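Architecture at a glance
Now for the letters of each chain:
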Amino acid sequence: MAEVVERLKSFIDRAKDIARRVIGHENATLGIVLAAIMGGMAVATGLKSIRISNMKMVLVTGSTMGVAAIGQMFVILTAGIDLSVAGMAFGTSALGSAMMTTQLWQNILGYPAPIWVGIPAMLALGAGLGLISGIFVSRVGVPPFIATLGMWQIAHGVGFLITGGLTLRRMVDPLPFFGQGWVAQAFIPGRPAGFPVAGIIWILVGVVAYFVLHHTNYARAVYATGGNPVMAWLSGINVRNTRLSVYIISAMLATLGGLIRTSRVMSVSFASFGFLELQSIAAAVIGGVSLFGGRGTVVGVVLGALIIAVIMNGMSILGADPFIESTVLGVLMITAVAIDYWRRGGR
Amino acid sequence: MAEVVERPKPVTAREVARRVLAHENAVIGIALAALIGVLGVISRGSTVTASNMANIVLQSSIRGVAAVGQAFCILTANFDLSVSGVGVMAMMLGSAMMTTEWTNILGYPVSPFMAIPVMLVVAAAWGLLSGTLVSRLALPSLIVTFGVWQIGYGVAFYITGGQAVMELPRSFAIYGSLPAAPIIFFSVAAVAYFVLMHTSFGRRVYATGGNPVSAYLSGINVKNVQRSVFIISALCAGLAGVLMTSRGMAGSTEALRGIELDSIASVVIGGVSLFGGRGNMIGVVLGALIIGVINNAMGVMHMGHAGRYIVKGAVIVGAVAADILRRRGR
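Residues numbered from 1 in each chain as written. Chains lettered and ligands numbered in written order. Predicted model: local features only at pLDDT ≥ 70, side-chain atom pairs only at ≥ 80, totals over all residues. Heavy atoms only, no water.

Turning our attention to the overall build of chain B. Along its length, chain B carries 13 helices and 0 strands. Helices and strands in chain B line up, N terminus first, as α-α-α-α-α-α-α-α-α-α-α-α-α. Taken over the C-alpha trace, chain B has a radius of gyration of 22 Å; the compact-globule value for 330 residues is 20 Å, and the two agree within 12%. Seen through its C-alpha atoms, chain B measures out along the principal axes to roughly 95 × 55 × 35 Å. When each of the 330 residues of chain B is scored for burial, the buried share is 52%. For chain B, the share of sequence-separated contacts (at least 6 apart) that also reach a separation of at least 24 residues comes to 78%. Accessible area for chain B stands at about 14,500 Å²; split by element, carbon and sulfur atoms hold 67% of it. (Helix = DSSP H or I, 4+ residues; strand = E, 2+ residues; numbered from the N terminus. Rg over C-alpha atoms; globule rule 2.2 N^0.38 Å. Buried < 20%, exposed > 50% of the residue type's maximum accessible area, 1.4 Å probe, protein only. Contact = heavy atoms within 4.5 Å. Areas by Shrake-Rupley, 256 points an atom, 1.4 Å probe, with all protein chains shown as cover.)

Turning our attention to the interface of chain B and chain A. Of the residues lining the interface, 40 residues belong to chain B; the matching set on chain A comes to 39 residues. Interface area, chain B with chain A, both sides summed: about 3,300 Å², of which 84% is carbon and sulfur. Counting the surface chain B buries against chain A, the share from its top three residues, Ile-143, Gln-150 and Tyr-309 of chain B, is 20%. Counting across the interface, chain B meets chain A through 0 salt bridges. Inspection of the chain B/chain A interface yields 0 residue pairs in polar contact (both at pLDDT 80 or more). Listed by contribution, the elements that provide at least two residues to the side of chain B that touches chain A are α5 (112–137), α6 (141–160), α11 (259–269) and α13 (305–329) of chain B. (Buried area = accessible area lost by both parts, 1.4 Å probe. Salt bridge = Lys/Arg side-chain N within 4 Å of Asp/Glu carboxyl O. Polar contact = N/O pair within 3.5 Å; in protein donor to acceptor, adjacent residues only side chain to side chain.)

Among the nonpolar cores identified, the biggest contains 195 residues, and Phe-145 and Ile-308 of chain A together with Phe-72 of chain B are the most heavily contacted of them. Element by element, the count of residues in this core is highest for helix α3 (residues 52–77) of chain A, at 13 residues. Excluding residues that lie within four positions of it along the chain, Phe-72 of chain B makes contacts with Ala-192, Val-195, Leu-196, Phe-201, Val-205, Val-229, Ile-232 and Met-281 of chain B. (Core = buried A, V, L, I, M, F, W, Y, C linked by side-chain atoms within 4.5 Å.)

This brings us to the side chain of Thr-253 of chain B. Examined against the element boundaries, Thr-253 of chain B turns out to sit in the loop between α10 (222–248) and α11. Each residue touching Thr-253 of chain B, except ones within four places of it in the same chain, is listed here: Val-88, Met-92, Tyr-153, Ala-156 and Phe-157 of chain B.

So, about the side chain of Glu-260 of chain B. Residue and element names in this part refer to chain B. If you trace the backbone, Glu-260 turns up in helix α11. It is Arg-257 that comes nearest to the buried, bridge-free Glu-260 among opposite-charge side chains, at 7.1 Å. A polar contact of 2.6 Å, which involves the side chain of Glu-260, links it to the side chain of Ser-84. If we skip the residues at most four places from it in the chain, Glu-260 touches Gln-70, Asp-80, Leu-81, Ser-82, Val-83, Ser-84, Gly-85 and Trp-149. (Lys, Arg positive; Asp, Glu negative; His and termini not counted.)

Examined against the element boundaries, Gln-150 of chain B turns out to sit in helix α6. For Gln-150 of chain B and Val-86 of chain B, which are 64 residues apart along the polypeptide, the C-alpha to C-alpha distance reads 9.3 Å. Ignoring any residue separated from it by four or fewer positions in sequence, one finds Gln-150 of chain B in contact with Phe-275, Leu-278, Ser-326, Leu-329 and Gly-330 of chain A.

For the rest of this paragraph, the subject is helix α8 (residues 197–215) of chain A. Along its 19 residues, α8 of chain A runs 26 Å from first to last C-alpha, staying within 8% of the 27 Å computed at 1.5 Å per residue. If you follow the buried residues of α8 of chain A, they end up packed against α3, α7 (176–180), α9 (217–227), α11 (239–265) and α13 (298–317) of chain A. (Expected span 1.5 Å × (residues − 1).)

Packed helices, taken two at a time, are described by the angle between their axes plus the distance between the axes. All names here are of chain A. Where helix α4 (residues 85–100) meets helix α12 (residues 276–286), the axes come as close as 6 Å, and the angle between the chain directions of the two elements is 130°. Of the possible angle classes, the one that applies to α4 and α12 is oblique. Facing Val-85, Ala-86 and Ala-89 of α4, the residues of α12 in contact are Leu-276, Glu-277 and Ser-280. Residues belonging to the contact of α4 with α12 are distributed by class as follows: 4 nonpolar, 1 polar and 1 charged. (Axes fitted to C-alpha atoms, helices over the stretch in contact; angles between N-to-C directions. Parallel < 35°, antiparallel > 145°, perpendicular 65-115°, else oblique. Nonpolar A, V, L, I, M, F, W, Y, C, P; charged D, E, K, R; others polar.)

With a phi close to 70°, Leu-47 of chain A is a non-glycine residue in the positive phi region. Take Leu-47 of chain A: it is sitting in the loop between α2 (26–44) and α3. A relative accessible area of 53% places Leu-47 of chain A in the exposed class. A positive phi angle, close to 65°, is found at Ala-77 of chain B, a residue other than glycine. Note on placement: Ala-77 of chain B falls in the loop between α3 (50–75) and α4 (83–98). Residue classification places Ala-77 of chain B among the partly exposed positions, given a relative accessible area of 35%.

Here the focus is the packing of aromatic side chains. The tally for this structure, following the rule as stated, stands at 8 aromatic pairs over all chains. Note on Phe-172 of chain B and Tyr-175 of chain B: the rings are 5.7 Å apart at their centroids and 55° apart in plane angle, and the pair reads as tilted. For Phe-172 of chain B, a relative accessible area of 0% translates into the label buried. Each residue in the set Phe-90, Trp-152 and Phe-160 of chain A together with Tyr-309 of chain B is aromatic and connected to the rest through ring pairs, giving one cluster. (Phe/Tyr/Trp six-rings, centres within 6.5 Å; stacked < 30°, edge-to-face > 60°.)

Spelled out as structure tokens, the structure:
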């Protein structure tokens, strides 16, 4: 009898230990917070928010921010910050849509370019602009915040230059697939079923980023540069090139995010990407990425972006005013940074 | 061995010129003059008319007031990105108190003498909020003020539901008009100059920005200094909101967009180091005028949004890069 009790006790202890470890893990906390918010939203919206169709919608609308947040994460891991995300997404989407629109008077080429020309052109522009801010940060030593703030303006200006301040509409045919398509559509034409393509893109980017940040030497360079640049330099890491590369990655992922939103709403205007940089920073910070560099995981950032997407979605179902959205985002961000501060142990 | 007699060098005109040119503010002043000259030539004289010059001073004084506050923040190696959020909130609050329209939040219009102090106090309270978060919790000022900016806009929208507010009392128009606004700007800058150069608080600001650890060790309450610069910056943002409301005689959530960028650019062009502890108020005033001249020229020459964004972005990054490269050269 005593043996059974003993065994039961040790079993309970082990279960407790596992539970403690799971809950103690940062990302589990985030998962619990996400579940709690989803539950709260479900109650508040009378279960509307947890319908499958709405959950897919959250994935689709959140994917732009989610993809951009993963890029932002690379920058923040090196103790930088990328404020140019919204401008970058607008500038590159403007180029892409001006090349791919079927409204010929708005098309800068005179004919709608196929997507295999338009999308690489967008990514190239994004990479080019990211390269410029990266050079200013890594080679000249301009603080990341100023370099990317300036780049936000410049990319925004490029967007205005291309669109002339107008809203571009009607893109060539296969483009909508990225933002509004469903996986089943690829096999059975005209069947809007299955998983949203935008969600797939988000997951793919997440998986690639996870692999890069867990199983490559590049990851070590990124974390080391953020953790302690001098130490990283002394141990033979090319700190300058690492810093340069993260801005290119962030710019290209912002471009990809812009592509998803462009193909979802099928129009681009200067107001399309308001607050994207704020949302991406908030997602990264909520996801447990330290603003002082060197700490954070991809899974956390994806969860952070999901939390914001769920909140935004729930508020729009509830018909909240835009001012509440803006205020909630601001409060969320400061809270997340404060939590980061407490986690660091009051340093 | 013959003794070498050192004769004091005569002070030549060349020496005087060299010293003047070596002074940072002289360089900024010359850049300002050159900019005005070049833009005058490009625009075929339309930017250098007396009325346009007066316009530039008027436009610069609103942004300049915000730049003076921003300079305090940057001198302690912090940033205030919340300028337009705080300014717009003060603007909507004040105009919604003074208007004779249905948008009045009190139900009856109050006089400017009541509304202006309320605007300034509320703005300062927001500075207290971000200052407390930055100094007490050691959060990065960039994020805190970004969040506060967001919240400020949210509150500004909330006050009137995003509705623009018109029909302000006539007597309110004076503050943002020609003689008054520049006078307010230059007096604020003069007070700031005096505070920074001739008071112990000014010294504490420079010390905190230069090296917070040694400032702390020499008995300066670094946290309080940090908190007060955010209050000063928010107060200046509120004052910019007052001037802007008076100039447009309306409250609109779009009115001050981008002023934090302009104020940071003014401060940076004015030779204040982004790493704290270096810079002076005369440079900031000159920097604000330079930004004013650029803004105005882009308007006069009918440059589109595209050109404006690109030029401003390039000016900000270029000024900081120039500052860094110059210091690296020493």
